[in-house]
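# Examination of the molecular architecture
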Amino acid sequence: LKREAKVVDESKIEEASAVAMGNDVKKPKLRLDAYRFSAVTEGKNSGSIYVKEIESGEYLGKITGGKFFRVRACTDEMETRIIAAAADPRAAAIAYGRREGACSVCGLTLTNHASIDLGIGPICAGKWGF
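Rules behind the numbers
- Residues numbered from 1 in each chain as written.
- Predicted model: local features only at pLDDT ≥ 70, side-chain atom pairs only at ≥ 80, totals over all residues.
- Heavy atoms only, no water.
- Phe/Tyr/Trp six-rings, centres within 6.5 Å; stacked < 30°, edge-to-face > 60°.
- Buried < 20%, exposed > 50% of the residue type's maximum accessible area, 1.4 Å probe, protein only.
- Core = buried A, V, L, I, M, F, W, Y, C linked by side-chain atoms within 4.5 Å.
- Helix = DSSP H or I, 4+ residues; strand = E, 2+ residues; numbered from the N terminus.
- Contact = heavy atoms within 4.5 Å.
- Pairing = 2+ DSSP bridges.
- 1 Å grid on protein atoms, 1.4 Å probe; cavity = no way out; pocket = protein on both sides within 12 Å on 5 of 7 lines; lining within 4 Å.
- Points joined across faces, edges and corners; volume = space filled by probe spheres on them.
- Nonpolar A, V, L, I, M, F, W, Y, C, P; charged D, E, K, R; others polar.

Another aspect to go through is the packing of aromatic side chains. This structure, assessed with the given rule, holds two aromatic pairs. Ring centres of tyrosine 50 and tyrosine 59 lie 5.6 Å apart, and the angle between their planes is 85 degrees; on these two criteria the pair is classed as edge-to-face. Relative accessible area serves as the criterion here: at 26%, tyrosine 50 is assigned to the partly exposed category. The partly exposed category is assigned to tyrosine 59, whose relative accessible area is 32%.

Time to look at the nonpolar core. Leu32, Phe37, Ile63, Phe68, Ile82 and Phe130 are the most contacted members of the largest nonpolar core, which totals 30 residues. Secondary structure elements with two or more residues in this core: helix H1 (11–22), strand E2 (29–32), strand E3 (35–39), strand E4 (49–53), strand E5 (59–64), helix H2 (76–87), helix H3 (89–100) and helix H5 (122–128). The element best represented in this core is H2, accounting for five residues. In contact with phenylalanine 68, other than residues within four places in its own chain, are Ala5, Lys6, Val8, Val51, Leu60, Gly61, Lys62, Ile63, Cys74, Glu79, Ile82 and Ile83.

Across five bridges, E3 lies against E4 in antiparallel orientation. Its bridge partner lying in E4, arginine 36 is registered against lysine 52. Two strands pair when backbone bridges link them, and E4 and E5 are joined in this way by four bridges, in the antiparallel orientation. Within the sheet, the bridge partner assigned to isoleucine 49 lies in E5 and is isoleucine 63. The hairpin formed by E4 and E5 contains five residues between the paired strands, and glycine 57 there has a positive phi angle of roughly 75 degrees.

Another aspect to go through is the layout of surface pockets. Size it by volume and the second largest pocket reaches roughly 230 Å³. Taken together, Lys27, Pro28, Lys29, Arg36, Ser38, Ala39, Val40, Thr41, Glu42, Tyr50, Val51 and Lys52 make up the full set of residues lining the second largest pocket. Those elements that place two or more of their residues in the lining of the second largest pocket are E3 and E4. Its residues assigned to classes, the lining of the second largest pocket comprises five nonpolar, two polar and five charged.

Just distances and angles here, no functional claims.
Structural data, given as structure tokens:
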């Protein structure tokens, strides 16, 4: 039984990825919630965003054409969280950084108080337009 792809507002995550690429980020990736969102810049899926679980690295699906196409390993709960994170990547990046104490872009430990409050390092925030 094939699942219907869920509609997702990908405009904000696409905007952030475009800003990052305009700032010479070759392979834009964000850690949002428990997932890594990676913009695909080459090949037949160029323009899509791949989603993997951060901890296991397991591929959960892709966002393309305003829809999230999940794979069998992606649960309903994961799908709901992925769609929410994609709809507001800035808020999800900040929440990740505050929760993990690490930048949601590069993964480095956040050390200064402004970065900890923002949940993202100043260099990465600038590159992503956050």
